[in-house]
Amino acid sequence: MKKQPNFLFIVTDQHRADHLGCYGNKTVRTPNIDAIAAGGTRWDRLYVANPICMPNRASIMTGRMSSLHGARHNGIALSRDHTTFVELLKDAGYRTGLIGKSHLQSFTGLPATNRYEPDPELHTPREELRDAYKDNRHSKDYDLEIALKWDRPLAQRITGDFYGFEDVEIAADHADQVSGDYLLWAREQRPDFDSLVGRKNALPDNRIKAPQAWRTAVPEELYSTSWVAERSRAWLSARASSDAPFFLQMSFPDPHHPFTPPGKYWDMYDPKDIVLPESFGKGDLPPIRAMREAMEKGSDPRDNQNPFTVTETEARALIALTYGSITMIDDAIGRVLAHLDALGLAEDTVVIFTTDHGDYMGDHGLMLKLLLHYQSTIRSPFIWQDPAMPLSGAGRGGAVESGLASSIDISATILARAGVQSFNGMQGRNLLGSSPPDCVIVEEDSQRRMTGFDRPQRVRTLVTERYRMSLRHGEDWHELYDLQADPQEMENLYDDPASAEIRHDLTERMLKRLIDLQDRAPLPAYRA
């Protein structure tokens, strides 16, 4: 191995950990990802810092909790004033590239639901004084991923790097509605490409009837998953003869909803073969009851980003389609890994696989994610395959690390392996050179309301080796589960008198961990 190894960092979107063969799933076929795990180490209990796209992607990039980097929920970009680990790699001589989904900035362009409201009885400050931060990330510098403004490649619209990435080719949004540099390319391949995308242009199929699912007319070779893989192969080819080490982030927009796997992947899995989660249809938390009632009345919005309940038939169909998207991604990863090997780069390249967060995918009868921190949404797959780290004593499936970890640890681990010192304020730990903590924190703030909540929420979750406790601001109910006795999280012990001592202990541990996670940046200029 070189002193500074190459890195291939593979990221999927909204992909629960147990939707991989190497994590115990016996239905979905993921031989290439499983092979990465078989030749490396798989973390069984790595949790997201935040179970929402933009916040957790920003946490991965900075190694900091969302309450510190400020991208608390979707719609808040990562500030260019915040240092990323990719900038440190670039500073150390790495060539850096991002192919696929970024989502470090917003891509919808839709107006925010949480806005400054002038009080007609008081003097209203001028616009730049209406937020605690004068640079509140509302300038054109943070509109770079807005789909409707994507008239030319992102690389032509920026000066310098993009959060540390020298080369960027972006695929924004999801399913067959992906935009960005990918869409510019797709329109070049087929001038009528727009007539292939979306539900209105879907191919007829009476087999699947479920929310946000349609049989896309986009062929496999023009679908975003294929584009990400092929552009990654091209990027690797261009770097093969260079002596400089590289860091390539290959980021797939799927299997995030809507559910539109193309071609053979649409019906690759039969819904009849899908086994539903044991918790399906169970649970009586207030928002779950509200979502069930909304489904029965037909009043639940099932065409946006908010979670909703589903019937058994719908759940099986959507899980089957998700498996199709995952297998397509796995096939794409296989092509890139084969290319890496053919270029003679595999023996010098650390391959990493993870996702930004999970999805309920039928847990308690729910789909998507938001505000309920079940294992399916907060537990993330994380696999590290390193040619310089032979696995002694590991089984056929590779090594398994069962200690607690967080997505804020990923950046610190990559930097340590690259021989690069972290910056002050990075909160993560080197997973390869430190002991697991006794707990991890998951944060989530919401911008919008959802069924079962009459106002935006703020949730903090503590996960220990045995328990998961979630506390909510402004609500009169909370959650506590014994993950050993109740891995499906069906019996809420929070108000159980017999669990009072456990609850008190966990609350103290949460408070101590939150104190530890307070910011240590910036460093002082003087003593006083």
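What counts as what
Residues numbered from 1 in each chain as written. Predicted model: local features only at pLDDT ≥ 70, side-chain atom pairs only at ≥ 80, totals over all residues. Heavy atoms only, no water. Helix = DSSP H or I, 4+ residues; strand = E, 2+ residues; numbered from the N terminus. Rg over C-alpha atoms; globule rule 2.2 N^0.38 Å. Buried < 20%, exposed > 50% of the residue type's maximum accessible area, 1.4 Å probe, protein only. Contact = heavy atoms within 4.5 Å. Areas by Shrake-Rupley, 256 points an atom, 1.4 Å probe, with all protein chains shown as cover. Lys, Arg positive; Asp, Glu negative; His and termini not counted. Charge placed at Lys NZ, Arg CZ, Asp CG, Glu CD. Axes fitted to C-alpha atoms, helices over the stretch in contact; angles between N-to-C directions. Parallel < 35°, antiparallel > 145°, perpendicular 65-115°, else oblique. Nonpolar A, V, L, I, M, F, W, Y, C, P; charged D, E, K, R; others polar. Phe/Tyr/Trp six-rings, centres within 6.5 Å; stacked < 30°, edge-to-face > 60°. Lys NZ or Arg CZ within 6 Å of the ring centre and 35° of its normal. Pairing = 2+ DSSP bridges. Polar contact = N/O pair within 3.5 Å; in protein donor to acceptor, adjacent residues only side chain to side chain. Core = buried A, V, L, I, M, F, W, Y, C linked by side-chain atoms within 4.5 Å. Expected span 1.5 Å × (residues − 1).

K.L.:
Describe the overall build of the chain, and please don't skip the residues or the numbers.
P.N.:
Check the secondary structure of the chain and you find 12 helices and 16 strands. Its C-alpha radius of gyration of 22 Å places the chain within 12% of the 24 Å reference for a compact globule of 528 residues. Looking at the chain residue by residue over its 528 residues, the buried ones come to 56%. Sequence separation of 24 or more characterises 74% of the internal contacts of the chain that already satisfy a separation of 6 or more. A total of about 22,600 Å² of accessible surface is found on the chain, and carbon and sulfur atoms cover 47% of it. Between the averaged position of the 61 positive side-chain charges in the chain and that of its 76 negative side-chain charges there is a distance of 1 Å.

K.L.:
Before we move on, can you summarise the packing of helix α1 (residues 31-38) against helix α9 (residues 312-342) with the specific residues and values?
P.N.:
Interhelical geometry of α1 versus α9 gives an angle of 60° and a closest axis separation of 7 Å. Taken as axis vectors, α1 and α9 run oblique relative to one another. Contact with α1, carried on its side by P31, N32, I33 and I36, involves D330, D331, I333, G334 and L337 of α9 and no other residues of that element. Classifying every residue of the contact of α1 with α9 gives five nonpolar, two polar and two charged.

K.L.:
Could you give me a rundown of the packing of aromatic side chains, with the residues and numbers involved?
P.N.:
Counted according to the given criterion, the structure contains 16 aromatic pairs. For the ring pair F85 and F247, a centre distance of 5.4 Å and an interplane angle of 90° mean the geometry is edge-to-face. On the criterion of sequence distance, the pair formed by F85 in helix α4 (residues 85-91) and F247 in strand β6 (residues 246-251) is long-range, its members being 162 residues apart. Here F85 and F247 have matching classes, each one buried. Through pairs of rings, three or more aromatic residues link up here, namely F7, F9, F85, Y94, F165, F247 and W384. Here R503 stacks its cationic end above the ring of Y494, 4.9 Å away from the centre of that ring.

K.L.:
Can you tell me about unusual backbone geometry, naming the residues and giving the values?
P.N.:
Look at the link from D254 to P255: it is a cis peptide, with omega at 10°. Topologically, P255 is positioned in the loop between β6 and α8 (286-297). P522 follows A521 through a cis peptide bond whose omega is 0°. You can see P522 is positioned in the segment after α12 (500-516). In this structure, H103 is a non-glycine residue whose phi angle is positive, near 55°. Looking at the element boundaries, H103 is found in the loop between β3 (95-100) and α5 (154-157).

K.L.:
Residue-level account of the sheet that holds strand β14 (residues 458-464), with values.
P.N.:
Strand order across the open sheet formed by four strands is β13-β14-β15-β16, with antiparallel pairing between neighbours. With one partner strand each, in any of the chains shown, β13 (439-445) and β16 (479-482) form the two edges of the open sheet. Between one strand and the next, the sheet's axes are offset by a mean angle of 10°, whatever the strand orientation. Relative to β14, β13 is paired through seven bridges, and the arrangement is antiparallel. From the neighbouring strand, C439 faces β14, where its bridge partner is T464.

K.L.:
Report on the side chain of T354, specifying residues and quantitative values.
P.N.:
Inspection of the secondary structure puts T354 in strand β8 (residues 349-355). According to the relative accessible area criterion, T354 is buried, its value standing at 0%. At 3.4 Å, the side chain of T354 and the side chain of S380 are in polar contact. Aside from chain neighbours lying at most four places away, what touches T354 is F9, I10, V11, T12, S380, P381, F382 and I410.

K.L.:
I'd like to hear about the nonpolar core, residue by residue, with values.
P.N.:
Formed by 46 residues in total, the largest nonpolar core has its most connected members in F7, F85, L89, F247 and I414. For this core, the elements supplying multiple residues, two or more each, are β1 (6-12), β2 (41-47), α2 (53-62), α4, β4 (167-172), β8, β10 (379-385) and α11 (409-418). In contact with I414, not counting residues within four places along its chain, are F7, F85, L89, F247, I352 and W384. Grouped together as the second largest cluster of nonpolar side chains are 44 residues, A17, L222, Y223 and A332 included.

K.L.:
Pulling in residues and values, what's your account of helix α7 (residues 224-239)?
P.N.:
End to end, α7 covers 23 Å across 16 residues, agreeing with the expected 22 Å (1.5 Å per residue, within 8%). Each element contacted by the buried residues of α7 is listed here: β3, β4, α6 (181-189), β6 and α9.

K.L.:
Describe in detail the pairing of β14, supporting the description with residues and values.
P.N.:
Within β14, six of the seven residues are buried, which leaves the element mostly enclosed by the surrounding structure. Pairing of β14 with strand β15 (residues 467-472), which is carried by five bridges, proceeds in the antiparallel orientation. Within the sheet, the bridge partner assigned to V459 lies in β15 and is R472. In this antiparallel pair of consecutive strands, β14 and β15, the connection spans two residues.

K.L.:
Can you lay out the environment of L391 for me, pointing to particular residues and giving the numbers?
P.N.:
Note that L391 resides in the loop between β10 and β11 (399-401). Residues L391 and A71, 320 residues apart in the sequence, show an inter-C-alpha distance of 38 Å.

Keep in mind that these numbers describe shape and distance, not what the molecule does.
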